[in-house]
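# Observations on chain architecture
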Amino acid sequence: MKAFALLIAAVVSLPALSQKIPPHKAAIVLFDGKDLNHFDTFLKTKGLNSDPEHIFQVENGALHISGKEMGYLITRDSFHDFYLRAEFKWGEGTFGEREGKARDSGILYNVQGDQKVWPQSIEFQITEGGTGDFWMTDGAALTGRDGKRVTGPPGGAMKIDHFGKGPSENVVGFRDKVGELEKPHGEWNVLELVTHGNDVKQYVNGKLANEGTDPFPAEGKILFQSEGAEVYFRNMKLYPLK
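As a starting point, this report considers the structure included with it. (Residues numbered from 1 in each chain as written. Predicted model: local features only at pLDDT ≥ 70, side-chain atom pairs only at ≥ 80, totals over all residues. Heavy atoms only, no water.)

### A closer look at the packing of aromatic side chains
One pass over the full model with this rule turns up eight aromatic pairs. Note on Phe88 and Phe233: the rings are 6.5 Å apart at their centroids and 45° apart in plane angle, and the pair reads as tilted. Of this pair, Phe88 sits in strand 7 (residues 82–94) while Phe233 is found in strand 18 (residues 229–240), placing the two residues 145 residues apart along the sequence. When sorted by exposure, Phe88 lands in the same class as Phe233, which is buried. Seen in terms of ring centroids, Phe224 and Phe233 are 5.2 Å apart; in terms of plane orientation they differ by 75°. Their pairing is edge-to-face. In terms of burial, Phe224 and Phe233 fall into one category: buried. (Phe/Tyr/Trp six-rings, centres within 6.5 Å; stacked < 30°, edge-to-face > 60°. Helix = DSSP H or I, 4+ residues; strand = E, 2+ residues; numbered from the N terminus. Buried < 20%, exposed > 50% of the residue type's maximum accessible area, 1.4 Å probe, protein only.)

The following block contains the structure:
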């Protein structure tokens, strides 16, 4: 009986990946730890594929984004109905208009339109105290779990806070005393995104952070932001859904 009880405990403790991740095909490895061949770069003052200051670099198998200029890495292909998994951790620096403020980055998806800061998209927000929020930018829209439709204004953005979020302060190193989802500074965090038909789910370290329906746009490119803070990404894989 003791062995049986231990077996049951082990099964219960396993992450319920089959319940939250729909059936999917083999991974498309967006970043293999060696090069950035799946991406273009865009910087606010340099434009497309001009990065003389090496804002985006590969270091020790990880993508290092210095954050010293606003911009992003963006996939060359568009995607819809997928499961995206990536890991991130914060570096130390904050720069420019975000110096001394909460470290900020993000994964923008269903990206459409012109290359600019920032294009029409839905964002998986990555920021100290708010990782897991939705942001809808430049006409993008999503209906939150409360049934309210949120649309980002032209040239601007509006957000839907993640579940259980507490009061926040825009200061470097901030941690949410009520609903923090990130691990301590400097540790790797797992981000998971599922876009499946009309449903969008965002997970942070295995917890459902946010959910919405009827996304607009419903497909597009994916980008990883440089937004005034040093950040690292690794194990960036996309799984098309079956």
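### What about the layout of surface pockets?
Once rolled over the atoms, a probe with the size of a water molecule shows which space is left empty. Quantified by volume, the largest pocket comes out at close to 610 Å³. In this structure, the largest pocket is lined by 29 residues; those nearest its centre are Arg98, Asp104, Gln125, Trp135 and Glu227. Ranked by residue count, the leading element in the lining of the largest pocket is strand 9 (residues 120–127), at three residues. Taken together, the residues of the lining of the largest pocket break down into six nonpolar, ten polar and 13 charged. (1 Å grid on protein atoms, 1.4 Å probe; cavity = no way out; pocket = protein on both sides within 12 Å on 5 of 7 lines; lining within 4 Å. Points joined across faces, edges and corners; volume = space filled by probe spheres on them. Nonpolar A, V, L, I, M, F, W, Y, C, P; charged D, E, K, R; others polar.)

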